[in-house]
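Secondary and tertiary structure notes
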Protein chains: 2
Amino acid sequence: MTRTHPTIAEVARRAGVSPATVSRVLNGTARVSQEKVRAVLRAIEELGYTPSPLAQSLAKGRSYAVGILLPDFGSPFYGPILEAITLELEPTPFRPIAVPGHWSLVRELEALDFLKGHRVEAIVLLGTSLEASALEPLGVPILAFGQRLLGPRTWSLVLNNREAAYRATRYLLEKGHRHIAHISSHRGGMDVRERLLGYRKAMREMGLAPRVVYGNLQEDGGYEAARELLARFPDTTAIFAANDQTAIGARLYLFERGLAVPEDLSLVGFDDIPLAAYQVPPLTTVRQPAREVGRALAQALKDLLQGETPSLSPIPLQLVERGSVKEVRA
Amino acid sequence: MTRTHPTIAEVARRAGVSPATVSRVLNGTARVSQEKVRAVLRAIEELGYTPSPLAQSLAKGRSYAVGILLPDFGSPFYGPILEAITLELEPTPFRPIAVPGHWSLVRELEALDFLKGHRVEAIVLLGTSLEASALEPLGVPILAFGQRLLGPRTWSLVLNNREAAYRATRYLLEKGHRHIAHISSHRGGMDVRERLLGYRKAMREMGLAPRVVYGNLQEDGGYEAARELLARFPDTTAIFAANDQTAIGARLYLFERGLAVPEDLSLVGFDDIPLAAYQVPPLTTVRQPAREVGRALAQALKDLLQGETPSLSPIPLQLVERGSVKEVRA
DNA sequence: GACCATCTTGCAAGCGCTTTCATACCCTGC
DNA sequence: GCAGGGTATGAAAGCGCTTGCAAGATGGTC
């Protein structure tokens, strides 16, 4: 603390009242006479006083903090969700404290420790690979997005990824494609595996052989996966990628190979990150609406912190048709 | 605090020592006999004890927290910088606490208050429009990126945007372009204005009339700006955008208009966000390396917090040539 | 064996705030 | 004029931790 902040005692002295009274006007926890209220307010103003949340938390016995664990602040998918949650939490007394797990389990566990230390009253898990066993000892309610976690005081917001992936694949099938590949990943969580399952189901139903390669859910992985894909299955006419970053990476490889999208190959992504609509051609993808996900998560958080059971109605996943898919004749 | 955490007193009781001793082994602030160390460690282990940073901060009189103010967690430019700073700070005892200003001055001021309340020991400003006058009363050292701030205990990391913009424009000129437009913004900070100045200078030197339109530094603004641009200056052959998001937005408009990049129009961005290299064609842009910026900022932070004057050597801005610019004959 | 230096340890105060409890005060009603 | 019931306020304890201070223990020296 560079320059020492004024304390409640100083405010009290200046206003000619006791610290207790200052606290009461600050929190509105008891009636205080008009004149003292005024005196206190003036003293606060003059001193530029800001109460210390640290001390408040300690005294009140609660932190009003909620932890949000996400893979990476730079993620085009999780970043906007974090932003949305933060925005929704603004009008509440609760403050998010966001920590990145940097895509590593160790870091995620460290982050958890950190949050535990800070006595967060709940934790939101975005795209982590944590297991229930690591969470239970925290003794804090958990809200997970994208993975199904079971345990006491644990809730999950999981959207129907399998169904959405199934529909996305069906969509390609209906457009006449038969040689459809999927770029999945070993790195992702349950949602990524579900997408693979949905793809498989659609292919199986048509008696088609699935073609699956794996990336890292990042652009470079998508690029490499596309290379592998075309080497192994040169007659592929459509690619369904497990996320938009992968699709965008794949698209660059196609471009470099001189393959046009959608004329030579059709492409479908997943997530609908902000930049998806601005790709050339605009990327057809399954939309996971960050804003709504953030809202739902924040709402569940509020319920949770008021001791209620959170209502987590799943958000429908919509395929948004843009320009990266072409109809082909059989 | 859902389930009450064990306190230092419980650990002490269990280990058969005083709380002071536990504190000493925790902090290594004094010698403690081997056997007691072991007893304490065991007790900590058994109880699953984690010290409360809140209480520690209060008692120590310092928070070990640094505030990081950025416009938006979802920003493809600032997100990665935040990530980089966080990563660099990991091995230090300092913890970043990031708050978004949501592109609004009021919010930024609120965020500042929040940070002040939390007794952060320093504040990093990323892309804000705050003025020195709002910062001074905080009494905390400030580190600004992208804007030059003067004041006591205030430092700025400002890269030579004007020069880089000048060179980017020169680059286009050397490629034979003469009808070069710039998409700027009223919304940005000093760096955006500097880019405009650099562009102007290059154009003036060649006796060319500048063509400037304005966006909001987001994709949609770039799209709209491109529309306006082509309406007002149909013979434009190259666009230099104030940032990559703008360039990407503009590019979509060109695409919809049936204009090819770079065949019909060349495009240059600024920032080199992660997705820039994956655009089609890959976007030629001025690189502001997030990783290095983060590192420099974190290093300055460490210096600062150790009472030293931070050394902020500017990072060179490089034009990275990719595929969105074509040479034209005069 | 007395004395002193050194090391380990506990006591207690204090960090900035909240909150319980008790006190002092004022008003009402008889 | 006094008992009774509110109401506004302050004193003080306590939240979980650190740290200055002093006491006790240990060992070495003359």
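Parameters and conventions
- Residues numbered from 1 in each chain as written.
- Chains lettered and ligands numbered in written order.
- Predicted model: local features only at pLDDT ≥ 70, side-chain atom pairs only at ≥ 80, totals over all residues.
- Heavy atoms only, no water.
- Core = buried A, V, L, I, M, F, W, Y, C linked by side-chain atoms within 4.5 Å.
- Buried < 20%, exposed > 50% of the residue type's maximum accessible area, 1.4 Å probe, protein only.
- Contact = heavy atoms within 4.5 Å.
- Helix = DSSP H or I, 4+ residues; strand = E, 2+ residues; numbered from the N terminus.
- Pairing = 2+ DSSP bridges.
- Right-handed = clockwise from strand over helix to strand, strands pointing away.
- Domains from an automatic or database assignment.
- Buried area = accessible area lost by both parts, 1.4 Å probe.
- Axes fitted to C-alpha atoms, helices over the stretch in contact; angles between N-to-C directions.
- Salt bridge = Lys/Arg side-chain N within 4 Å of Asp/Glu carboxyl O.
- Polar contact = N/O pair within 3.5 Å; in protein donor to acceptor, adjacent residues only side chain to side chain.
- Expected span 1.5 Å × (residues − 1).

Most often, soluble globular proteins keep nonpolar side chains buried together rather than apart. Among the nonpolar cores identified, the biggest contains 150 residues, and A:Leu126, A:Leu297, B:Leu126 and B:Leu297 are the most heavily contacted of them. With sequence-adjacent residues up to four places away left out, B:Leu297 is seen in contact with B:Ile81, B:Ile85, B:Val124, B:Leu126, B:Leu143, B:Phe145 and B:Leu157. Ranked by size, the runner-up nonpolar core spans 17 residues in total, among them B:Leu69, B:Ile97, B:Ala111 and B:Leu130.

Glancing now at the pairing of strand β7 (residues 211-215) of chain A. In summary, the side chains of a regular strand alternate between the two faces of the sheet. Residues and elements named next belong to chain A. Within β7, 4 of the 5 residues are buried, which leaves it mostly tucked inside the rest of the structure. Of the pairings in the sheet, the one linking strand β6 (residues 180-185) to β7 comprises 5 bridges and is parallel in character. Note that in β7 the partner of His182 across the bridge is Val212. For the handedness criterion, the β-α-β arrangement of β6, helix α9 (residues 190-205) and β7 is classed as right-handed.

Looking now at the domain arrangement of chain A. Residues and elements named next belong to chain A. Taken as a whole, chain A is organised into domain 1 (8-51), domain 2 (65-159 + 290-305) and domain 3 (161-289). On a C-alpha basis, the centres of domain 2 and domain 3 stand 28 Å from each other. Taken together, the contacts link 15 residues of domain 2 with 11 residues of domain 3. Roughly 1200 Å² of surface becomes buried between domain 2 and domain 3 when both sides are summed, with 56% attributable to carbon and sulfur atoms.

Now for the sheet that holds strand β11 (residues 318-320) of chain A. All names here are of chain A. Taken in spatial order, the 6 strands of this open sheet run β7-β6-β8-β9-β10-β11, and their pairing is mixed. With partners counted over all chains shown, the strands left at the sheet margins are β7 and β11, one partner each. On average, adjacent strands in this sheet sit at an angle of 20° to one another, irrespective of strand direction. With 4 bridges joining them, β6 and strand β8 (residues 238-241) adopt parallel strand pairing.

With that out of the way, let us pick up the interface of chain A and chain B. On the side of chain B, 59 residues touch chain A, which itself brings 58 residues to the contact. Interface area, chain A with chain B, both sides summed: about 5200 Å², of which 65% is carbon and sulfur. Our count for the contact surface shared by chain A and chain B stands at 2 salt bridges. Between B:Glu90 and A:Arg107 there is a salt bridge, and its shortest N-O distance comes to 2.4 Å. The interface formed by chain A and chain B includes 16 residue pairs in polar contact (both at pLDDT 80 or more). When contributions to the side of chain A that touches chain B are tallied by element, the ones reaching two or more residues are α4 (53-60), α5 (78-89), β2 (95-100), α6 (105-117), α10 (219-232) and α11 (244-256) of chain A. A per-element tally of the side of chain A that touches chain B places α5(A) first, with 6 residues.

All names here are of chain A. Of the two faces of β8, the one lined by Ala238 and Phe240 and the one lined by Ile239 and Ala241 are each fully buried. Both β8 and strand β9 (residues 266-271) contribute to a ladder of 3 bridges, which runs parallel. Of the residues in β9, the one forming a bridge with Ala238 is Ser266.

Residues and elements named next belong to chain A. With 13 residues, α11 ought to run about 18 Å at 1.5 Å a step, and its terminal C-alpha atoms sit 18 Å apart, in line with that. Buried within α11 are the following residues: Asp244, Gln245, Thr246, Ala247, Ile248, Gly249, Ala250, Arg251, Leu252, Tyr253 and Leu254. For α11, the secondary structure elements touched by its buried residues are β6, α10, β8, β9 and β10 (284-287).

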